[in-house]
Amino acid sequence: GNSVTQMEGPVTLSEEAFLTINCTYTATGYPSLFWYVQYPGEGLQLLLKATKADDKGSNKGFEATYRKETTSFHLEKGSVQVSDSAVYFCALSSGQDYSGAGSYQLTFGKGTKLSVIP
Amino acid sequence: DTAVSQTPKYLVTQMGNDKSIKCEQNLGHDTMYWYKQDSKKFLKIMFSYNNKELIINETVPNRFSPKSPDKAHLNLHINSLELGDSAVYFCASSQDGLEGWNTEAFFGQGTRLTVV
């Protein structure tokens, strides 16, 4: 079955530091990969995605590259801000999950809590 | 406009009670989901549903049942609530299609359920 492994937190960084959150996956077929972010007290929001190998997703200064050879989708940001403090989830969705009902279920990693201090 | 809305945002109830959480999406999506997030932030799919089929995670107790009056709504009904049901429950939706796995899921803001 599909699975996602991401680095455990919490991660605490000073403002303007470089961020990397590692994510690796196991999946059948050719999955799409996502990073979701959950700010305190809120639901999950899509941060970025990549749908095929070597694609780079980017948004709000965050980037992640779909590396099929290493089955990885690491999240990076060059200079974090206090407002980036949140929980980050790596996720995948595979066409092989199709059950005939259009239910492409997202498989999530366990989340990484990021705290950025001034 | 809120894309995926769920109510209530907070729900405190006693053990043994029956409760429902409502979810509505105005995105025209074909598929809706319920996820449970535990105290460690781990997300687990409970159900996915569209107008064709309900997919149930086999680990979900049968005290939990989704009810969909129409395509835009998927409510979660819970019977005989237990302490271990305390968690945050998220509704989500996504668009069906041949390459639906490429599309994102949109999440509601969550319902924090506390069973006392």
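Rules behind the numbers
- Residues numbered from 1 in each chain as written.
- Chains lettered and ligands numbered in written order.
- Predicted model: local features only at pLDDT ≥ 70, side-chain atom pairs only at ≥ 80, totals over all residues.
- Heavy atoms only, no water.
- Core = buried A, V, L, I, M, F, W, Y, C linked by side-chain atoms within 4.5 Å.
- Buried < 20%, exposed > 50% of the residue type's maximum accessible area, 1.4 Å probe, protein only.
- Helix = DSSP H or I, 4+ residues; strand = E, 2+ residues; numbered from the N terminus.
- Contact = heavy atoms within 4.5 Å.
- Phe/Tyr/Trp six-rings, centres within 6.5 Å; stacked < 30°, edge-to-face > 60°.

Caption draft 1: Up close: the nonpolar core. Counting 26 residues, the largest nonpolar core has Trp35, Leu47, Leu48, Phe73, Leu75 and Tyr88 of chain A as the members making the most contacts within it. Among the elements that take part in this core, strand β10 (residues 86–93) of chain A stands out by supplying four residues, more than any other. With near-sequence residues (within four places) excluded, Leu48 of chain A lies in contact with Leu33, Phe34, Trp35, Gly57, Ser58, Asn59, Phe62, Glu63, Ala64, Phe73 and Leu75 of chain A. Counting residues in each nonpolar core, the second largest holds 19 residues, with Val4, Leu11, Ile21 and Leu81 of chain B among its members.

Caption draft 2: Summary view of the packing of aromatic side chains. This model, assessed by the stated rule, comprises twelve aromatic pairs over all chains. Centre to centre, the rings of Tyr35 of chain B and Phe107 of chain B are 5.5 Å apart; their planes meet at 45°, and the pair counts as tilted. Remark: Phe107 of chain B occurs in strand β10 (residues 106–107) and Tyr35 of chain B occurs in strand β4 (residues 31–37); sequence separation between them is 72 residues. For Phe107 of chain B, a relative accessible area of 10% translates into the label buried. Grouped by ring-pair contacts, the aromatic residues Phe34, Tyr36, Phe89 and Phe108 of chain A together with Tyr33, Tyr35, Phe90 and Phe107 of chain B constitute a single cluster.

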